[in-house]
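Examining the three-dimensional arrangement
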Amino acid sequence: DQQVKQNSPSLSVQEGRISILNCDYTNSMFDYFLWYKKYPAEGPTFLISISSIKDKNEDGRFTVFLNKSAKHLSLHIVPSQPGDSAVYFCAASLIQGAQKLVFGQGTRLTINP
Amino acid sequence: DAGVTQSPTHLIKTRGQQVTLRCSPISGHKSVSWYQQVLGQGPQFIFQYYEKEERGRGNFPDRFSARQFPNYSSELNVNALLLGDSALYLCASSLSTGVRSPLHFGNGTRLTVT
């Protein structure tokens, strides 16, 4: 049972435009959500997070939006840069208990010059 | 500062064998977690250790075990290897056990079981 789903395996965006990556989850108990970026041959790197008491969190060019009623979150990157080309994973967790992240399958983002 | 280091980087084993993977956390980090990433999937949680005690276990068989040492480094052991154990094994460290403390991942150990 895939509790966290990223339905788009890949996304191609022109440099300077907005990149929008989507993620859906099924477990309504999740109350903390994160995005990680992964380059080839490297481990995932933490990007941004949001708790369920918020619906938006910004950090520079990165903004995460959370829609609890739809069990949906998205990551917006504005403006997109060539260095943003990577695989992006969303993850969900419970604030209480073990630091156990449930990851989606990932979306490969390619920024075209 | 050095990041999370994992060894070896690549490993080839035969079905039925046993394997030990090693991880050194970032200096000052007391929590170590292990994840398995099968090709085309996201990482899947295996274990979390904090101060040498197991704090969480994922849905993996008893063939998988781990431990954490006094210097906070960690080992992941897998016995009776199956073909399906072929994956990238990621170690991550964090300052504390809380989910608000971001995980810092190593580059992983690529295990191939033939």
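Notes on the structure follow. (Residues numbered from 1 in each chain as written. Chains lettered and ligands numbered in written order. Predicted model: local features only at pLDDT ≥ 70, side-chain atom pairs only at ≥ 80, totals over all residues. Heavy atoms only, no water.)

Some remarks on the overall build of chain B
Across its full length, chain B holds 0 helices and 11 strands. Counting from the amino terminus, helix and strand elements in chain B follow one another as β-β-β-β-β-β-β-β-β-β-β. Taken against the 2.2 N^0.38 rule, which gives 13 Å for 114 residues, the C-alpha radius of gyration of chain B at 13 Å falls within 12% of a compact globule. For the C-alpha atoms alone, the extent of chain B along its principal axes is close to 35 × 25 × 25 Å. (Helix = DSSP H or I, 4+ residues; strand = E, 2+ residues; numbered from the N terminus. Rg over C-alpha atoms; globule rule 2.2 N^0.38 Å.)

Concerning unusual backbone geometry
With the exception of glycine, the majority of residues adopt a negative phi angle, and the majority of peptide bonds are in the trans configuration. A cis amide bond links Val78 of chain A to the next residue, Pro79 of chain A, at an omega of -15°. That bond from Ser7 of chain B to Pro8 of chain B is cis: its omega, -10°, falls within 30 degrees of zero. You can see Pro8 of chain B is positioned in the loop between β1 (5–7) and β2 (10–13). If you check the backbone angles, Lys52 of chain B has positive phi at about 75° while not being a glycine. Judged by relative accessible area, Lys52 of chain B falls into the partly exposed class, the value being 47%. (Buried < 20%, exposed > 50% of the residue type's maximum accessible area, 1.4 Å probe, protein only.)

Examining the nonpolar core
By size, the foremost hydrophobic cluster in this structure holds 24 residues, and its most contacted members are Val4, Phe33, Trp35, Leu73, Leu75 and Tyr88 of chain A. Only β3 (19–25), β4 (32–38), β5 (45–51), β7 (62–67), β8 (72–77), β9 (86–93) and β11 (107–112) of chain A provide two or more residues apiece to this core. Among the nonpolar cores identified, the runner-up in size contains 21 residues, and Phe47, Phe60, Tyr89 and Val113 of chain B belong to it. (Core = buried A, V, L, I, M, F, W, Y, C linked by side-chain atoms within 4.5 Å.)

Considering the sheet that holds strand β6 (residues 56–59) of chain A
All names here are of chain A. The strand order β1-β3-β8-β7-β6 describes an open sheet built from 5 strands, whose pairing is antiparallel. The open sheet terminates on both sides in strands that have one partner only, identified here as β1 (4–5) and β6. Bridge count for β6 against β7 is 4 bridges, and the pairing is antiparallel. By the bridge assignment for β7, Glu58 is matched with Thr63. (Pairing = 2+ DSSP bridges.)

What about the packing of aromatic side chains?
Under the counting rule described, the total for this entry stands at 12 aromatic pairs over all chains. Centroid distance Phe89 of chain A to Phe103 of chain A: 6.2 Å. Interplanar angle 90°. Geometry classified as edge-to-face. Within this pair, whereas Phe89 of chain A is found in strand β9, its partner Phe103 of chain A is found in strand β10 (residues 102–103), the two being separated by 14 residues in sequence. For Phe89 of chain A, a relative accessible area of 2% gives the class buried. Note on Phe103 of chain A: relative accessible area 4%, which makes it buried. The interplanar angle of 70° and the centroid separation of 6.3 Å between the aromatic rings of Phe103 of chain A and Phe105 of chain B together place this pair among those described as edge-to-face. (Phe/Tyr/Trp six-rings, centres within 6.5 Å; stacked < 30°, edge-to-face > 60°.)

Topic: the environment of Thr14 of chain B
Residue and element names in this part refer to chain B. Of note, Thr14 is situated in the loop between β2 and β3 (19–24). Along the chain, Thr14 and Leu82 lie 68 residues apart, while their C-alpha atoms are 8.3 Å from each other. The contacts of Thr14, once residues within four sequence positions are left out, are Leu81, Val113 and Thr114. (Contact = heavy atoms within 4.5 Å.)

Section: the pairing of strand β4 (residues 31–37) of chain B
Residue and element names in this part refer to chain B. In terms of burial, β4 is largely enclosed, as 7 of its 7 residues are buried. Here β4 runs beside strand β5 (residues 44–50); their pairing, made up of 6 bridges, is antiparallel. Residue pairing in the sheet places Trp34 in a bridge with Phe47 of β5. Where β4 folds back onto β5 in an antiparallel hairpin, the turn is made up of 6 residues, including Gly40, whose phi is positive at roughly 85°. Where β4 meets strand β9 (residues 87–94), 7 bridges bridge the pair, whose relative direction is antiparallel. Paired with Val32 across the two strands is Ser93, which belongs to β9.

Things to note about the interface of chain B and chain A
A common way to express how large an interface is: the accessible area buried when the components associate. Each partner contributes to the interface: chain B provides 26 residues, whereas chain A provides 23 residues. Summing the contributions of chain B and of chain A, the shared interface buries around 1,800 Å²; its carbon and sulfur component is 58%. Together, Val99, Arg100 and Phe105 of chain B form the three largest contributors to the area buried by chain B at its contact with chain A, with a combined 33%. Here chain B is connected to chain A by 0 salt bridges. Linking chain B with chain A are 7 residue pairs in polar contact (both at pLDDT 80 or more). Those elements that provide at least two residues to the side of chain B that touches chain A are β4, β5, β6 (53–57) and β9 of chain B. Tallying contributions element by element places β4 of chain B first for the side of chain B that touches chain A, with 4 residues. Among the residues making up the side of chain B that touches chain A, the classes are represented as 9 nonpolar, 15 polar and 2 charged. (Buried area = accessible area lost by both parts, 1.4 Å probe. Salt bridge = Lys/Arg side-chain N within 4 Å of Asp/Glu carboxyl O. Polar contact = N/O pair within 3.5 Å; in protein donor to acceptor, adjacent residues only side chain to side chain. Nonpolar A, V, L, I, M, F, W, Y, C, P; charged D, E, K, R; others polar.)

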